[in-house]
Amino acid sequence: MQKVIKSNWVIGNWKSNPSSLTQAKNLAKEIKAIDFDKINGQIMLMPTNLHLTSVIDEMQNSKVLVGCQDVSFTSDTIGAYTGDCSAEQMQAIGAKWTLVGHSERRTYHQESEKQLIAKIENALKNGLGVVLCIGETLEHYEKNQTLNVLQKQLSILKEVQKLENNLDKLIIAYEPVWAIGTGKVPQVAEVENVHQNIHEYLLTINANLAKSPILYGGSVNADNVETFAKSDWIDGVLVGGASLVADKFASLAKTFFATKK
Ligand code: PGA
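Small disclaimer: the values here were computed from a predicted structure and weren't measured.

Draft legend 1. Just the pairing of strand 8 (residues 236-239), in detail. Residues Gly-236 and Leu-238 of strand 8 are buried on one face, and the alternating residues Val-237 and Val-239, pointing to the opposite face, are buried as well. Strand direction decides the pairing type here: strand 1 (residues 9-13) and strand 8, joined by four bridges, are parallel. Across the sheet, Gly-12 pairs through a bridge with Val-239, a residue of strand 8. By the bridge criterion, two bridges tie strand 7 (residues 214-217) to strand 8 in an arrangement that is parallel. Bridge pairing links Tyr-216 to Val-237 in strand 8.

Put into structure tokens, the structure is as follows:
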């Protein structure tokens, strides 16, 4: 199959880290100080909502984009939704992209397909790009159900209104749930097979949708990133733990982009 040329990404998902605003600002400052000028792709940080404005401020005049980890399911831009931030609010403070459907949201917040569709629509409507996270559990993996599970998770894209006007605003992040934060990673050949399958499935929905970059996530670090970067089927990495220490993140990102050249 012909490989479509896509943009390359290294995204740091800070989750609910670090513990203080001062630490978040310092981490952002350290990352800003790294020379990413020659990289052939995009770097993005996704801090917790609490630290978002400060990290956006720190990253002014830098190549590093900043996004958020979630947006509200409600299309109301303001209102009585305790604990939620709307896509409009995120866009207004300068977030460029949002994660949707991270496995921790799916698990701890029981996010339904209906909610995920609404979140994607809200994000796109307000100009935010969407990193749609998908992934199988260990049980699915062991039962060889990975591809079925992923296709089901991707099938919600068929329901997203106005997706065809926003096809450059979508990234797929394949993150096996059993690889997240565990230090276990699949073989690159397994990831390639999955990514090819995702690509083929997206083609069945819309040929342009299949141009979306497909990232791998789950225990990526500075030591193993090169093996993923070598694959033409892997357009980027979504990084949790290894994005929390500036020099480790820098070395990971530089290795990734140097390998992609
Ligand atoms: P990890 O997290 O790199 O710590 O495994 C990845 C993610 O959950 O996005």
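Okay, back to it.
Draft legend 2. Layout of the environment of Asp-84. Mapped onto the secondary structure, Asp-84 falls in the loop between strand 3 (64-66) and helix 3 (87-92). Under the relative-accessibility criterion, Asp-84 is labelled partly exposed at 32%. In this structure the C-alpha to C-alpha distance between Asp-84 and Val-71, which are 13 residues apart in sequence, comes to 7.2 Å.

Draft legend 3. Looking closely at the site of the ligand. Close contacts around the ligand come from 13 residues, with Lys-15, His-102, Glu-175, Gly-181 and Ser-219 the closest. In the model, an oxygen atom of the ligand is placed 2.9 Å from a nitrogen or oxygen of the Gly-241 main chain. Burial of the ligand by the protein chains amounts to 95% of its free accessible area of 280 Å². Counted by class, the shell around the ligand contains four nonpolar, seven polar and two charged residues.

Draft legend 4. Layout of the nonpolar core. In terms of nonpolar packing, the biggest core is built from 68 residues, with Ile-31, Ile-120, Leu-132, Leu-154, Leu-157, Ile-172 and Ile-198 touching the most fellow members. Tallying contributions element by element places helix 10 (residues 246-260) first for this core, with seven residues. Among residues more than four places away in sequence, those in contact with Ile-172 are Leu-132, Ile-134, Leu-154, Leu-157, Ile-198, Leu-202, Pro-213, Ile-214 and Leu-215. In terms of nonpolar packing, the next biggest core, distinct from the first, is built from 12 residues, Trp-9, Met-44, Trp-97 and Val-131 among them.

Draft legend 5. Structural detail: the packing of helix 1 (residues 21-32) against helix 2 (residues 49-58). The N-to-C vectors of helix 1 and helix 2 enclose an angle of 25 degrees; their axes lie 9 Å apart at closest approach. Here helix 1 is positioned roughly parallel relative to helix 2, judged by the angle of their axes. Seen from above, helix 1 lies across helix 2 with right-handed handedness. Counting all contacts with helix 1, which are made through Leu-21, Ala-24, Lys-25, Ala-28, Lys-29 and Lys-32, the residues of helix 2 involved are His-51, Ser-54, Val-55 and Glu-58. In terms of residue class, the contact of helix 1 with helix 2 is built from four nonpolar, two polar and four charged.

Draft legend 6. View of the sheet that holds strand 4 (residues 97-100). Spatially, 3-2-1-8-7-6-5-4 is the arrangement adopted by the eight strands of the open sheet, whose pairing is parallel. At either end of the open sheet lies a strand with only one pairing partner, and these are strand 3 and strand 4. Going from strand to strand, the sheet's axes swing by 25 degrees on average, the running direction of each strand aside.

Draft legend 7. Representation of the pairing of strand 6 (residues 170-174). With respect to burial, strand 6 is a largely interior element, five of its five residues being buried. Residues Leu-170, Ile-172 and Tyr-174 point to one face of strand 6 and Ile-171 and Ala-173 to the other, with burial holding for every one of them. Pairing between strand 5 (residues 129-134) and strand 6: five bridges, direction parallel. By the bridge assignment, Ile-134 is partnered in strand 6 with Tyr-174. Of the strand pairs in this sheet, strand 6 and strand 7 are connected by three bridges, and their pairing is parallel. Along strand 7, the bridge assignment pairs Ile-172 with Ile-214. In this fold, strand 6 hands off to helix 8 (residues 188-205), which returns the chain to strand 7; that crossover is right-handed.

Thresholds applied
Residues numbered from 1 in each chain as written. Predicted model: local features only at pLDDT ≥ 70, side-chain atom pairs only at ≥ 80, totals over all residues. Heavy atoms only, no water. Buried < 20%, exposed > 50% of the residue type's maximum accessible area, 1.4 Å probe, protein only. Helix = DSSP H or I, 4+ residues; strand = E, 2+ residues; numbered from the N terminus. Pairing = 2+ DSSP bridges. Near = heavy atom within 4 Å. Polar contact = N/O pair within 3.5 Å; in protein donor to acceptor, adjacent residues only side chain to side chain. Areas by Shrake-Rupley, 256 points an atom, 1.4 Å probe, with all protein chains shown as cover. Nonpolar A, V, L, I, M, F, W, Y, C, P; charged D, E, K, R; others polar. Core = buried A, V, L, I, M, F, W, Y, C linked by side-chain atoms within 4.5 Å. Contact = heavy atoms within 4.5 Å. Axes fitted to C-alpha atoms, helices over the stretch in contact; angles between N-to-C directions. Parallel < 35°, antiparallel > 145°, perpendicular 65-115°, else oblique. Left-handed = near helix turned anticlockwise from the far one by under 90°. Right-handed = clockwise from strand over helix to strand, strands pointing away.

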